[in-house]
Structures are given as structure tokens and as C-alpha cells.
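Letter by letter, the chains look like this.
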Amino acid sequence: MNHDLRPKSIEVSNSKGILEIEWSDGHHSEYTLFGLRKNCPCVTCRGGHGSMNTFDRSLFFVEPTQQFQIEDIKQIGNHAIKIFWNDGHNNGMYQWETLRAMCPCTECYPEQE
Ligand SMILES: [Zn+2]
Ligand SMILES: [Zn+2]
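About the cut-offs
Residues numbered from 1 in each chain as written. Chains lettered and ligands numbered in written order. Predicted model: local features only at pLDDT ≥ 70, side-chain atom pairs only at ≥ 80, totals over all residues. Heavy atoms only, no water. Pairing = 2+ DSSP bridges. Helix = DSSP H or I, 4+ residues; strand = E, 2+ residues; numbered from the N terminus. Axes fitted to C-alpha atoms, helices over the stretch in contact; angles between N-to-C directions. Donors = N, O, S within 2.8 Å, 3.2 Å for Na, K, Ca; no water. Tetrahedral: all angles 85-135°; square planar, octahedral: opposite > 155°, others 65-115°. Buried < 20%, exposed > 50% of the residue type's maximum accessible area, 1.4 Å probe, protein only. Core = buried A, V, L, I, M, F, W, Y, C linked by side-chain atoms within 4.5 Å. Contact = heavy atoms within 4.5 Å. Phe/Tyr/Trp six-rings, centres within 6.5 Å; stacked < 30°, edge-to-face > 60°. Lys NZ or Arg CZ within 6 Å of the ring centre and 35° of its normal. Salt bridge = Lys/Arg side-chain N within 4 Å of Asp/Glu carboxyl O.

**Q** Looking at this model, I keep getting lost on the sheet that holds strand β2 (residues 18–23). Mind explaining?
**A** What links the strands of a sheet is backbone hydrogen bonding, and the strands pair in either a parallel or an antiparallel sense. The strand order across the open sheet formed by three strands is β1-β2-β3, and the pairing between neighbours is antiparallel. Edge positions in the open sheet fall to β1 (7–13) and β3 (28–32), since each of these has one partner strand only. Shown here is a sheet whose adjacent strand axes are inclined to one another by a mean of 15°, direction ignored. Here β1 runs beside β2; their pairing, made up of six bridges, is antiparallel.

**Q** Would you take a moment to explain the coordination of the zinc ion (ligand 2) for this structure?
**A** When a metal holds four donors in a tetrahedron, each ideal angle between them is 109.5 degrees; when it holds six in an octahedron, the ideal angles are 90 or 180 degrees. Summarising the metal site, the zinc ion (ligand 2) is bound by the protein donors H27 (NE2), C103 (SG), C105 (SG) and C108 (SG), whose distances to it range over 2.0 to 2.3 Å. Considering all four donor atoms around the zinc ion (ligand 2), angles at the metal cover 101 to 117° and the coordination shape is tetrahedral. Each donor residue of the zinc ion (ligand 2) belongs to the same chain, with the gaps between them written as H-x75-C-x1-C-x2-C. Pair noted here: H27 is in the loop between β2 and β3 and C108 is in the segment after α3 (96–102), with a separation of 81 residues, a long-range link. By relative accessible area, C108 is classed as partly exposed at 27%.

**Q** How do you make sense of the environment of E63 when you look at a structure like this?
**A** Tracing the backbone shows E63 in the loop between α2 (43–46) and β4 (70–76). Sequence-wise, E63 and G35 are 28 residues apart; in three dimensions their C-alpha atoms are separated by 9.7 Å.

**Q** Would you take a moment to explain the nonpolar core for this structure?
**A** It is characteristic of soluble globular proteins that their nonpolar side chains tend to be buried jointly. Grouped together as the largest cluster of nonpolar side chains are 23 residues, with contacts concentrated most on L19, Y31, L36, I83, W85, Y94 and L99. When contributions to this core are tallied by element, the ones reaching two or more residues are β2, α1 (33–38), β5 (80–85) and α3. When neighbours within four sequence positions are excluded, Y31 is seen to be in contact with G17, I18, L19, I21, W23, L36, F60, L99, R100, M102, C103 and P104.

**Q** Would you explain the packing of aromatic side chains in this entry?
**A** Two measures describe an aromatic ring pair: the distance that separates the ring centres and the angle between the ring planes. With the rule as written, the count across this model stands at four aromatic pairs. Look at F61 and Y109: their rings are 5.3 Å apart centre to centre, the planes differ by 20°, and that puts the pair in the stacked class. A residue pair is termed long-range when its members are at least 10 positions apart, and F61 in the loop between α2 and β4 and Y109 in the segment after α3 qualify at 48 residues. These aromatic residues form a ring-pair network of at least three members: F34, F68 and W85. When the ring centre of F84 is taken as reference, the NZ or CZ atom of K74 above it lies at 5.0 Å. A cation sits over an aromatic face here: R100 above W23, 5.4 Å from the ring centre.

**Q** In this structure, what is going on with the pattern of salt bridges? I would like to understand it.
**A** As a working rule, side chains carrying opposite charge can pair if their charged atoms are close by. Going through the model one piece at a time under the given rule, you end up with three salt bridges. Across the salt bridge formed by D87 and R37, the nearest N and O atoms sit 2.9 Å from each other. Placement of the pair is D87 in the loop between β5 and β6 (93–95) and R37 in helix α1, with a sequence separation of 50 residues.

In C-alpha cells form, the structure reads like this:
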């Protein structure tokens, strides 16, 4: 993992239900808000410290069973963002590394067919 890798821009579209990241290496990621919320990396959502770095990429490809919206995003240091969800949840620190590892694009996740 390239440690200089960071988002150049982060854009949220609550109406489309997506968050887009333009990375410093030119890569483009598009996440559904549903998948991001369901993959919230906080201890509560992960069900304990042991599974802190686990996530389920298939959640980006399912029909959302719930509409999540992002009210605010705050950058934490220079390694993560904190997402403030409309359901009041805001414990999740999404590190650049985790976000990039979650990228559901066909290049990063070719087996989605
Ligand atoms: Zn959480
Ligand atoms: Zn990707």
C-alpha cells in the first residue's frame, strides 16, 4: 500500500445515494451509502475489536433495504474521515486504507459479475 495514497476529492450525493472518491493516484471509487453505512468500521458495527478491519464488499451490490444519507464528513488527521449519518451514527472512522480496500469498482473487484 502506497502511504501517500489519499483522496483528492470526496463528493457525496445523497439523492443518488453514493459517495465518490477521486484518489491521488487517479483511481476513482464510487460507494453506495448503504454499503458504506453497513460497513461502518466502528467497534459497535463490527461487533468487537477482533473484526475491526473486516468488511463485506457485496453490500455495495445489493438493493438497499434502508436509505442512508450523509449529513457531514469530517477529516480526522490526514488518514481518515468520520461520517455523520442521518440515523445519528458517527462513530465510524473510515481510514483511507480501508476505503480504498473497499473500492467496489470492476478493477479492484473483478469477480462481481
Ligand atoms: Zn458504526
Ligand atoms: Zn477501484
